[in-house]
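Below, each chain spelled out in residue letters.
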Amino acid sequence: MVLRDRVPVEGEYWAARAGDSPFPEGTLLPAGTVLSRPIPAWYHPFVPPEDPIPFDYCVVHTDEDIMVADKPHFLPTTTNGRLQRETLQTRLRVDFGEDEIVPLHRLDRLTAGLVICSRNPATRADYQRIFLEGRAVKRYRGIVKQPLFCDEEIRLPMHKPRGSRQVLVADNGTPTSTYVRAAGREVTMWPRTGHTHQLRVLLNHLGSPLIGDDTYPTPRPLDLYDFWRPLSLLHETISFIDPLSHSERQFFSSRGLGTTIR
């Protein structure tokens, strides 16, 4: 955020990185200080305590620009309005002492697997473009309730009504594209677009919803601390051409699907 005129009396603000700032990065700015120019600052609002989610991430890769985390089932990637502390982003920021860590894409709370995060604001836009332009190749694996036989690209229009947990397949929806390969109850998918719940909606539409899905085909009451039925969906590999080195980068998850075929 950017402060103007003076430092607010309520809350605590720290100077952010800026070449023309009169305050060293990380300096606590005294409340009421008159500012001669706009000052970039960090603000940490009070966040009430939350019951812990008893699963944690592991780091697959880290360098000065990005961090690749392997997220567990049940841990949100970022705040969802109900959880703020118990998220991957907050845990990474606290554990590494870096307020600049930002996930470049999101996984559903119930989905496990790889999340690429930016840790360097100077190169963040370069890596964000990989995802904005669809240049990352992502592979997911899941287990479905009903056998599915498929080896093709499937295009579906999807729409999420305001206030609804479910995403609908609708003629006026956003176009989505996913390559699906399945010969039984294990399915591999390569999404080429990034719509909310895209893979879950697709499989439900095909009559083979994922094991552990709390939203499709019928929503169950939402309980953020129900850990008994993990969603059988894993983001297991991702590859892309690094925008800085121009070399191919590929990362793998070591997690399982969280359930067995039954």
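Residues numbered from 1 in each chain as written. Predicted model: local features only at pLDDT ≥ 70, side-chain atom pairs only at ≥ 80, totals over all residues. Heavy atoms only, no water.

By the naming in an unreviewed UniProt entry, the chain is RNA pseudouridylate synthase, taken from Corynebacterium segmentosum. Within the UniProt record for the chain, the comment given under Catalytic activity (unreviewed entry) is "a uridine in RNA = a pseudouridine in RNA". (UniProt positions renumbered as here; feature names shortened; annotations may be inferred.)

Peer 1: Just give me the short version of the overall build of the chain, but keep the residues and values in it.
Peer 2: Check the secondary structure of the chain and you find three helices and 13 strands. C-alpha atoms of the chain, sized along the principal axes, occupy 65 × 45 × 40 Å. Expressed as a percentage of the 262 residues in the chain, the buried residues total 46%. At a minimum sequence separation of 6, the contacts of the chain that also span at least 24 residues come to 62%. By element, 51% of the accessible surface of the chain is carried by carbon and sulfur atoms, the whole surface being about 13,700 Å². Here the chain contributes 32 positively and 32 negatively charged side chains, and the mean placements of these two sets differ by 5 Å. (Helix = DSSP H or I, 4+ residues; strand = E, 2+ residues; numbered from the N terminus. Buried < 20%, exposed > 50% of the residue type's maximum accessible area, 1.4 Å probe, protein only. Contact = heavy atoms within 4.5 Å. Areas by Shrake-Rupley, 256 points an atom, 1.4 Å probe, with all protein chains shown as cover. Lys, Arg positive; Asp, Glu negative; His and termini not counted. Charge placed at Lys NZ, Arg CZ, Asp CG, Glu CD.)

Peer 1: I'd like to hear about the UniProt feature "domain: Pseudouridine synthase RsuA/RluA-like" (unreviewed entry) in the chain, residue by residue, with values.
Peer 2: Those residues carrying the UniProt feature "domain: Pseudouridine synthase RsuA/RluA-like" (unreviewed entry) are residues 66–205 in this numbering. Between the first and last C-alpha atoms of residues 66–205 the distance is 35 Å; the span itself is 19% helix and 41% strand.

Peer 1: Let's hear about the nonpolar core: which residues, and what values?
Peer 2: In this structure, Leu92, Val180, Val187 and Met189 are the most contacted members of the largest nonpolar core, which totals 35 residues. Contributing elements (two or more residues each) for this core: β6 (66–71), α1 (88–96), β8 (112–118), β9 (137–159), β11 (174–191) and α3 (198–205). A total of seven residues in this core trace back to one element, the largest contributor, which is β9. Among residues more than four places away in sequence, those in contact with Val180 are Leu148, Cys150, Asp151, Glu152, Ile154, Val187, Thr188, Met189 and Leu202. One finds Phe131, Ile238, Phe240 and Phe251 within the second-largest nonpolar core, a separate group that totals 12 residues. (Core = buried A, V, L, I, M, F, W, Y, C linked by side-chain atoms within 4.5 Å.)

Peer 1: Summarise helix α2 (residues 124–132); cite the residues concerned and give the values.
Peer 2: Here α2 has its buried residues at Arg124, Tyr127, Ile130 and Phe131. On an axial view of α2, the arc spanned by its buried residues comes to 120°, and they lie on one face. At its buried positions, α2 is contacted by β6, β7 (102–103), β8, β9 and β12 (233–241). Directly beyond the C-terminal end of α2, a positive phi value near 65° is found at Gly134. (Arc of directions from axis to C-beta.)

Peer 1: I'd like a rundown of α3, residues and numbers included.
Peer 2: When you tally the buried positions in α3, you get six out of eight residues, the bulk of the element. Within α3, burial applies to Gln198, Leu199, Arg200, Val201, Leu202 and Leu203. Each element contacted by the buried residues of α3 is listed here: β9, β10 (168–169), β11 and β12. With its phi angle positive at about 85°, Gly207 sits one or two positions after the end of α3.

Peer 1: Give me unusual backbone geometry: which residues, what numbers.
Peer 2: The linkage connecting Tyr216 with the following residue, Pro217, adopts the cis geometry, with an omega of 0°. Its location among the elements puts Pro217 in the loop between α3 and β12. Here His197, not a glycine, exhibits a phi torsion of approximately 60°, which is positive. Mapped onto the secondary structure, His197 falls in the loop between β11 and α3.

Peer 1: Residues and numbers for the layout of surface pockets, please.
Peer 2: Considered as a void within the structure, the largest pocket measures approximately 1,200 Å³ in volume. Around the largest pocket, the lining is made up of 44 residues, and of these Arg106, Leu107, Asp108, Thr196 and His197 lie nearest the centre. Mapped onto the lining of the largest pocket, the elements with two or more residues apiece are α2, β9, β11 and α3. For the lining of the largest pocket, the leading source of residues is α2, giving four residues. Of the residues contributing to the lining of the largest pocket, the split by class is 17 nonpolar, 16 polar and 11 charged. (1 Å grid on protein atoms, 1.4 Å probe; cavity = no way out; pocket = protein on both sides within 12 Å on 5 of 7 lines; lining within 4 Å. Points joined across faces, edges and corners; volume = space filled by probe spheres on them. Nonpolar A, V, L, I, M, F, W, Y, C, P; charged D, E, K, R; others polar.)

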